[in-house]
Amino acid sequence: MAQISAKHPREPGFGHWRWQRISAVATFGLMLYFTYLVASMGPLDYSAAMAFVAAPQHAVALAILVIAGLFHAALGVQMIIEDYIPLATGRLALVTIARGVFAIAAMASLVSVGMIVGLI
């Protein structure tokens, strides 16, 4: 019996599991970053919040947070659908719809950040 390398496991769900962990770490780190920044700034009015997001370093970090967070959410919803929806024929359609909803939310968020920065 051949040994499977620890670097390249052949379990079918390993890639999904790995990306879920990577996106969780990225989301957690960026949430800590934004929590620290916003807490250290004190109360913000609308114009101060717009200026905060318009700063290039904050806009890029916010865009990465949106992408990583919604990617992580899409992976989680996919796992919920696969684990708890009993109809095998309906799972693919539900996963596709969920991915579409998260893609639309990501695009809307990125367009909003781009508008605040002045790129769009």
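Caption draft 1: Representation of the overall build of the protein chain in the model. A tally of helices and strands in the protein chain yields 4 helices and 0 strands. Taken over C-alpha atoms, the radius of gyration comes to 19 Å for the protein chain, far larger than the 14 Å a tight globule of 120 residues would show. Projecting the C-alpha coordinates of the protein chain onto the three principal axes gives extents of approximately 60 × 35 × 25 Å. Burial statistics for the protein chain: of 120 residues in total, 24% are counted as buried. Contacts spanning at least 24 positions in sequence make up 70% of the contacts within the protein chain whose residues lie at least 6 apart. Surface accessibility of the protein chain: about 8,500 Å² in total, with carbon and sulfur atoms responsible for 73%. Charged side chains in the protein chain number 6 positive and 4 negative. The centres of these two groups are separated by 13 Å.

Caption draft 2: Highlighting the confidence of the model for the protein chain. The predicted model of the protein chain averages 87 in pLDDT, with 92% of residues at 70 or higher. Ranking the elements of the protein chain by mean pLDDT puts helix H2 (residues 46–54) last with 89 and helix H3 (residues 56–84) first with 93.

Caption draft 3: Expanded view of the side chain of Ser 23. By secondary structure assignment, the location of Ser 23 is in helix H1 (residues 14–41). Among the polar contacts listed, one links the side chain of Ser 23 to the backbone oxygen of Gln 20, at a separation of 3.1 Å. For Ser 23, the side chain forms a polar contact with the side chain of His 72, separated by 2.9 Å. Not counting chain neighbours up to four residues away, the residues in contact with Ser 23 comprise Ala 68, Phe 71, His 72 and Leu 75.

Caption draft 4: A look at the nonpolar core. Core analysis: the largest hydrophobic core is formed by 7 residues, namely Leu 30, Phe 34, Leu 37, Phe 52, Val 53, Ala 61 and Leu 65. Elements supplying a minimum of two residues to this core: H1, H2 and H3. Examining the composition of this core, we find that 3 residues originate from one element, H1, more than from any other. Once residues lying within four places of it in the same chain are set aside, the contact partners of Phe 34 are Phe 52, His 58, Ala 61, Leu 62 and Leu 65.

Caption draft 5: Up close: the side chain of Gln 78. Inspection of the secondary structure assignment puts Gln 78 in helix H3. When its relative accessible area of 12% is taken as the criterion, Gln 78 is described as buried. A polar contact of 3.0 Å, which involves the side chain of Gln 78, links it to the side chain of Arg 99.

Conventions we followed
- Residues numbered from 1 in each chain as written.
- Predicted model: local features only at pLDDT ≥ 70, side-chain atom pairs only at ≥ 80, totals over all residues.
- Heavy atoms only, no water.
- Helix = DSSP H or I, 4+ residues; strand = E, 2+ residues; numbered from the N terminus.
- Rg over C-alpha atoms; globule rule 2.2 N^0.38 Å.
- Buried < 20%, exposed > 50% of the residue type's maximum accessible area, 1.4 Å probe, protein only.
- Contact = heavy atoms within 4.5 Å.
- Areas by Shrake-Rupley, 256 points an atom, 1.4 Å probe, with all protein chains shown as cover.
- Lys, Arg positive; Asp, Glu negative; His and termini not counted.
- Charge placed at Lys NZ, Arg CZ, Asp CG, Glu CD.
- pLDDT = per-residue confidence, 0-100.
- Polar contact = N/O pair within 3.5 Å; in protein donor to acceptor, adjacent residues only side chain to side chain.
- Core = buried A, V, L, I, M, F, W, Y, C linked by side-chain atoms within 4.5 Å.

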